[in-house]
Amino acid sequence: MSETNAPDRVQPMTLGVVGNQGSVHVRRWSEALAERGHTIVPMDLSGQGRSPAGRAAAFRDLRRTMTRVSKAGRGVVVVHGVQEGLMATGMRGIHPMVLHAWGWDVTTELPGLKARIRGRQLAGLFRAADATTATSQFLAEAVRRRFGVEATVVPFGIDMARFGPAPAHRRPGPVRIGFAKLSLTPTYGPDVLVDALGSLPSDSNFQVFIAGDGGLRLTLEERVATLGLADRVNFVGVLPHADIPAFIADLDIFVMPSRTEAWGVAAAEASASGVPVVATRVGGIPEVVTDGETGILVPPENPEQLAAALALLIADSQLRARLGAAGRRKIEAEFRWEDCVERMERVYAGVTSKRRGARAARP
């Protein structure tokens, strides 16, 4: 039997993808689903204009496109990371709709009246959606606790062909430690990392590479200089997405000292690359990093324990190799990109089936 006619093959759907179309993750989902035969209708949430009139006009256009997709024979509107109150209120009534909780859209709870209003708007949207997904068990529990909605866990997934171990031979020299985020903000703990580096034994042989920009960069550079580590810490700026696999594969240790994290894509990418991870025990990170097996977990905002974990790995190349190899096996078993795409595809297929069944049951 051909693949096209296989009984478990999901029939082609029209997917209206609402989200920031400049996001790497939104593009990855769309491209992968298009490769599986589905029609993608992108609907961008960025650049809608700053004035209320401009935002309202942009939303009216968006609403018309969502309605058109929802009325297609096998159409589904899929929404990535909604936080805007107008969007949350205005999208109710669109069916079938699947919401993808990413983290910030669920876990961000600001004080004040506007935040409470936004929370009620989001709650209404989550409860009106036909299905919800979350990137981790941690985030699914947050959705359940805050909105009373059950979410199917579908991680972003890791492309094992893109992220893999470097060649077996490793250049002699210092142990290479890396950190990578788009923006160097307190959320991701680069300041904790720098303080930890200052606590390492003076005879430790290491070089650190910090990828990212903005936010705390100037402060971090000044702190590095104060600690006398300017010759050991390299700020490499924002890396193009295509360069991330090579950056990670060239490391001996990957560090993720986040104060909060919905899942931990970077940690999963490092493990897929055979690189041991030192990370904080927060949010969804423990679902990615198994303490003592694929990496080392430490409390957040604790430079001393972070330094102790780094010192242990710097001194023990065999431990690094063991944790790194176990990390790749874990990602291969639990977070393969192809498996995650299939899981997401079946969430969409499930809501189209329910809608067709409900229509058929009407008198």
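**Describing the overall build of the protein chain**
In terms of helices and strands, the protein chain carries 14 helices and 12 strands. Taken over the C-alpha trace, the protein chain has a radius of gyration of 22 Å; the compact-globule value for 363 residues is 21 Å, and the two agree within 12%. Each principal axis of the C-alpha atoms in the protein chain carries an extent, and together these give about 80 × 55 × 30 Å. Residue burial in the protein chain is summarised as follows: out of 363 residues, 50% are buried. Counting only contacts in the protein chain whose residues sit at least 6 apart along the sequence, the fraction spanning at least 24 positions is 71%. Accessible surface for the protein chain amounts to roughly 16,500 Å². Of this, 52% is attributable to carbon and sulfur atoms.

**Regarding helix α12 (residues 303–315)**
Helix length check: α12, at 13 residues, gives a terminal C-alpha distance of 18 Å against a target of 18 Å (1.5 Å per residue), a fit within 8%. Along α12, the positions that sit buried rather than exposed are Pro303, Leu306, Ala307, Ala309, Leu310, Leu313 and Ile314. Down the axis of α12, the smallest arc covering the buried residues is 160°, so these residues share one side. Across α12 from its buried face, at more than 90 degrees, point the exposed residues Glu304 and Ala315.

**A look at the packing of α12 against helix α13 (residues 317–334)**
Two elements in contact, α12 and α13, have axes separated by 5 Å at closest approach and are oriented at 105°. With respect to their mutual orientation, α12 and α13 come out roughly perpendicular. Along the contact surface, α12 presents Leu312, Leu313, Ile314 and Ala315, while α13 presents Ser317, Leu319, Arg320 and Leu323. Classifying every residue of the contact of α12 with α13 by side-chain character gives 6 nonpolar, 1 polar and 1 charged.

**A closer look at the sheet that holds strand β10 (residues 253–256)**
The strands that make up a sheet are held in pairs by hydrogen bonds between backbone atoms, and each pair lies either parallel or antiparallel. Overall, parallel pairing links the 6 strands, which are arranged β9-β8-β7-β10-β11-β12 in an open sheet. Single-partner strands in this sheet number two, and they are β9 (233–237) and β12 (295–298). Adjacent strand axes in the sheet meet at a mean angle of 20° when their direction is disregarded. Note: strand β8 (residues 206–213) against β9, 4 bridges, orientation parallel. What sits directly across from Val208, in β9, is Val233. On the sheet, helix α10 (residues 265–272) packs against β7 (175–183), β10 and β11 (277–280) and is oriented at approximately 170° with respect to β10.

**Side note on the side chain of Lys330**
Counting through the fold element by element, Lys330 comes out in helix α13. You can call Lys330 buried: its relative accessible area is 13%. Filtering out sequence-adjacent residues up to four positions away, Lys330 remains in contact with Glu287, Val288, Thr290, Thr294 and Phe335.

**Re the sheet that holds strand β2 (residues 39–44)**
Judged by pairing direction, the sheet is parallel, and its 6 strands sit side by side in the order β2-β1-β3-β4-β5-β6 without closing on themselves. Only two strands of the sheet have a single partner each, and these edge strands are β2 and β6 (152–153). Relative to strand β4 (residues 97–101), strand β3 (residues 75–80) runs parallel, the two sharing 4 bridges. Opposite His80, over in β4, you have His100 as the bridge partner.

**Some words on helix α8 (residues 217–226)**
Taken as a whole, α8 has its buried residues at Arg217, Leu220 and Val224. Angularly, the buried residues of α8 cover 60° about the axis, an arc narrow enough to put them on a single face. When the buried face of α8 is taken as reference, the exposed residues oriented beyond 90 degrees from it are Leu218 and Thr226. In this structure, the buried side of α8 is in contact with α7 (190–199), β8 and β9. Where α8 terminates, the next one or two residues include Gly228, which has phi positive at roughly 75°.

**Details of the pattern of salt bridges**
Opposite charge on two side chains permits pairing when their charged atoms draw close. Under the counting rule described, the total for this entry stands at 17 salt bridges. Linking Arg336 and Glu332 is a salt bridge whose minimum nitrogen-to-oxygen distance equals 3.3 Å. Connected through shared salt-bridge partners, Glu332, Arg336, Glu338 and Asp339 make up one network.

**Describing unusual backbone geometry**
Backbone geometry follows two general trends: most residues other than glycine have a negative phi, and most peptide bonds adopt the trans configuration. The residue after His95, namely Pro96, is reached through a cis peptide bond having omega -5°. Of note, Pro96 is situated in the loop between α3 (85–90) and β4. With a phi close to 55°, Glu301 is a non-glycine residue in the positive phi region. In this fold, Glu301 is placed in the loop between β12 and α12.

**Quick word on the packing of aromatic side chains**
Taken as a whole and judged by the stated rule, the model has 4 aromatic pairs. Between Trp29 and Trp337 the ring centres are 4.8 Å apart and the planes differ by 45°, which places this aromatic pair in the tilted class. Here the residue Trp29 occupies a position in helix α1 (residues 24–35), and Trp337 occupies one in helix α14 (residues 337–361), the gap between them amounting to 308 residues. There is no split in this pair, since Trp29 and Trp337 are both buried. Both rings, one in Trp263 and one in Phe335, keep their centres 5.1 Å apart while their planes meet at 70°; by these two values the pair is edge-to-face. Here Trp263, found in the loop between β10 and α10, pairs with Phe335, found in the loop between α13 and α14; they are 72 residues apart in sequence, far enough to count as distant. By relative accessible area, which is 2% here, Trp263 ends up buried. Under the relative-accessibility criterion, Phe335 is labelled buried at 7%.

The rules behind these values
- Every chain is numbered on its own, with residues counted from 1 as its sequence reads.
- Restriction of local features to residues with pLDDT of at least 70 applies here, the model being predicted, together with a cutoff of 80 or more for giving and counting side-chain atom pairs; totals for whole chains, interfaces and linings are based on all residues.
- Hydrogens and water molecules were not included; the side-chain quantities draw on all heavy atoms of the structure.
- Note on conventions: DSSP H or I runs of at least 4 residues are helices, E runs of at least 2 residues are strands, and numbering of each starts at the N terminus.
- With C-alpha atoms as the basis for the radius of gyration, the globule rule is written as 2.2 Å multiplied by the number of residues raised to the power 0.38.
- Accessibility here uses a 1.4 Å probe with only protein chains present; expressed as a share of the type maximum, an area under 20% marks a residue as buried, one over 50% as exposed, and anything in between as partly exposed.
- Residue contacts are defined here by distance: any two heavy atoms, one from each residue, within 4.5 Å place the two residues in contact.
- Here, Shrake-Rupley sampling with a 1.4 Å probe gives the accessible areas, and only protein chains in the shown set may cover a residue.
- Given the number of residues in a helix, its expected span is that number minus one, multiplied by 1.5 Å.
- Summarising the geometry, the arc corresponds to the directions from the helix axis toward the C-beta atoms.
- The convention used is that axes are lines fitted to C-alpha atoms, helices contributing only their stretch in contact, and that angles between N-to-C directions extend from 0 to 180 degrees.
- Note on angle classes: values under 35 degrees are labelled roughly parallel, values over 145 roughly antiparallel, values of 65 to 115 roughly perpendicular, and the remainder oblique.
- Classification used: nonpolar for Ala, Val, Leu, Ile, Met, Phe, Trp, Tyr, Cys and Pro, charged for Asp, Glu, Lys and Arg, polar for all others including Gly.
- Here the rule is simple: two strands pair whenever DSSP picks up at least two bridges between them.
- Any carboxyl oxygen of Asp or Glu within 4 Å of a side-chain nitrogen of Lys or Arg constitutes a salt bridge here.
- Centre distance within 6.5 Å is the pairing criterion for rings of Phe, Tyr and Trp, where only the six-membered ring of Trp is used; planes under 30 degrees apart are then read as stacked, over 60 as edge-to-face, and the remainder as tilted.

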